[in-house]
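# Coordinates in review
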Number of protein chains: 2
Amino acid sequence: MSKLEIPRKAVYRLSLYYRALQRLTANAIETVSSAALSKAAGVKPTQLRKDLAYFGQLGTRGLGYSVSHLTQTLREALGTARLQPVVLIGVGHLGSALVRYRGFQKEGFEIVAGFDEDADRTRADNLGLPVLPMDALRAFIQERQVKLAILAVPVTVAQEVTNELVSCGIQAILNFAPTILQVPDAVMVNNVDLAIELENLSYFIR
Amino acid sequence: MSKLEIPRKAVYRLSLYYRALQRLTANAIETVSSAALSKAAGVKPTQLRKDLAYFGQLGTRGLGYSVSHLTQTLREALGTARLQPVVLIGVGHLGSALVRYRGFQKEGFEIVAGFDEDADRTRADNLGLPVLPMDALRAFIQERQVKLAILAVPVTVAQEVTNELVSCGIQAILNFAPTILQVPDAVMVNNVDLAIELENLSYFIR
């Protein structure tokens, strides 16, 4: 099975199933019906069955899914079975906050270094993270075989930094700069634009 | 035209058009063709024409759109014509970062107060934002007629705090807690789950 056969939206739902399974594990539940799992994940049962069918026959009719087996299958698919190294580009207010945010590590991602035009010592000491100058980026990415980058630089330099990341071999970028990045087809970009999320909500309030 | 006739995804694209128009304004461009605007926004031309058709006849055939008129139309639709007050619930690492993040204010949103179980003085002084105890929430929201909340509390209390927000009259929530919030139909929730975004990218790297 090629990974790319699964639609991108389905991959988001795999994360929801994975979290729901983690809660079940915490509650010592060993098997779960597709109905119960879909409810726990907030996804329609038909959708869940369709999504999990990409992995072949996982459940047993009448018994449901093994929580531990399904957890393992999804963990491997999502690439969180090992701690993934991630580099952070841009260690300003937002970047620093992302370092302090504990959610990433918990889910299997480790920010291994920050890179910034202004890589001063004080900042690094406060964050407990090495903050390196931009010209150390290429050697670091190649030596540590980093594939994932978080981009938290000003919009004015976002594309230029992206080009550099791509040429260093980065395969996926979580982009916080409010702009559409141009990347080759083989590179994935997910955009998080906090202002757009608020604007979207604002539209619906009365 | 009822606001809710526009699909939610189209509203996201309105934000993209709005930003593209701001860039055109900054470059003193007065009119723009739908082809040029769609390219600047990173959206297909047919999609752009369909989205803008919700607002009636806005462009002139052969001339395109007036940048200032279209900007104004979208600003009013998106509710960013006036500065929108927003409350922040949970002033931990992530919440503090969101206060320091300058992107919201620029786009028409003002975080007017933070609320936290531990509303100590030091934290408030550092942030330049009043941080109030949770029991001050109801009076504040009602007095300032706040409709939008950003939720950055631990997942364990997210639903409880949401219930409180809804009962205070909050109409839309930008949720950073990695859980699916149960809310009445009239309340909108947008979820930002940073770990899920990384997981999604992780799936696609080799």
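Predicted model, so just to flag it, every value in this text is computed and none were measured. (Residues numbered from 1 in each chain as written. Chains lettered and ligands numbered in written order. Predicted model: local features only at pLDDT ≥ 70, side-chain atom pairs only at ≥ 80, totals over all residues.)

## Section: the overall build of chain A
- Within chain A, the regular secondary structure consists of 10 helices and 8 strands.
- For the C-alpha atoms alone, the extent of chain A along its principal axes is close to 60 × 50 × 35 Å.
- Counting all 206 residues of chain A, 38% fall into the buried class.
- Across chain A, contacts joining residues at least 24 apart in sequence account for 56% of those joining residues at least 6 apart. (Helix = DSSP H or I, 4+ residues; strand = E, 2+ residues; numbered from the N terminus. Buried ≥ 20, exposed ≤ 12 C-beta atoms within 10 Å, placed from the backbone. Contact = placed C-beta atoms within 7 Å.)

## Examining the relation of the copies chain B and chain A
- Laying chain B over chain A is done by rotating through 180° and shifting 0.0 Å along the axis; what remains is an RMSD of 0.0 Å. Look at the turn and shift together and you get a two-fold axis relating the two. Taking C-alpha positions as the reference, the residue of chain B nearest the rotation axis is A97 of chain B, at 2.5 Å.
- Take the interface residues of chain B: 100% of them recur as interface residues in chain A, which is what a same-surface contact looks like. (Least-squares fit on C-alpha atoms with pLDDT ≥ 70 in both.)

## Examining the domain arrangement of chain A
- Considered domain by domain, chain A is made up of domain 1 (3-78) and domain 2 (84-198).
- Just the C-alpha atoms count here: the centres of domain 1 of chain A and domain 2 of chain A sit 30 Å apart. (Domains from an automatic or database assignment.)

## Topic: the sheet that holds strand 6 (residues 148-151) of chain A
Residue and element names in this part refer to chain A.
- Here 6 strands make up an open sheet; going across it, the order is 5-4-3-6-7-8 and the pairing parallel. Sheet topology places strand 5 (131-132) and strand 8 (188-191) at the edges, where each strand pairs with a single neighbour.
- As paired strands, strand 4 (residues 109-115) and strand 5 are joined by 2 bridges and run parallel to one another. Bridge assignment links F115 to a residue of strand 5, and that residue is L132. (Pairing = 2+ DSSP bridges.)

## A few points about helix 9 (residues 155-168) of chain B
Residues and elements named next belong to chain B.
- Compared with an ideal rise of 1.5 Å per residue, which puts 14 residues at 20 Å, helix 9 spans 20 Å between its outermost C-alpha atoms and is within 8% of the ideal.
- When helix 9 is considered as a whole, its buried residues turn out to be A158, V161, T162 and L165.
- Those residues of helix 9 hidden inside the fold are in contact with strand 3 (84-89), strand 6 (148-151) and strand 7 (172-175).
- Phi turns positive one or two residues past the end of helix 9, at G169, with a value near 105°. (Expected span 1.5 Å × (residues − 1).)

## A short note on the sheet that holds strand 5 (residues 131-132) of chain B
Residue and element names in this part refer to chain B.
- Taken in spatial order, the 6 strands line up as 5-4-3-6-7-8 in an open sheet, and their pairing is parallel. Each edge of the open sheet is held by one strand with a lone partner, namely strand 5 and strand 8 (188-191).
- Pairing analysis gives 4 bridges linking strand 6 to strand 7, with the strands arranged parallel. Its bridge partner lying in strand 7, L151 is registered against N175.
- Against the sheet, helix 8 (residues 137-144) touches strand 3, strand 4 (109-115) and strand 5, its axis set at about 155° to strand 4. (Axes fitted to C-alpha atoms, helices over the stretch in contact; angles between N-to-C directions.)

## Quick look at the interface of chain B and chain A
- In this assembly, 43 residues from chain B lie in contact with 43 residues from chain A.
- Looking at the side of chain B that touches chain A, the elements with two or more residues in it are helix 1 (8-26), helix 4 (67-78), helix 5 (93-100), helix 6 (103-106), strand 7, strand 8 and helix 10 (194-204) of chain B.

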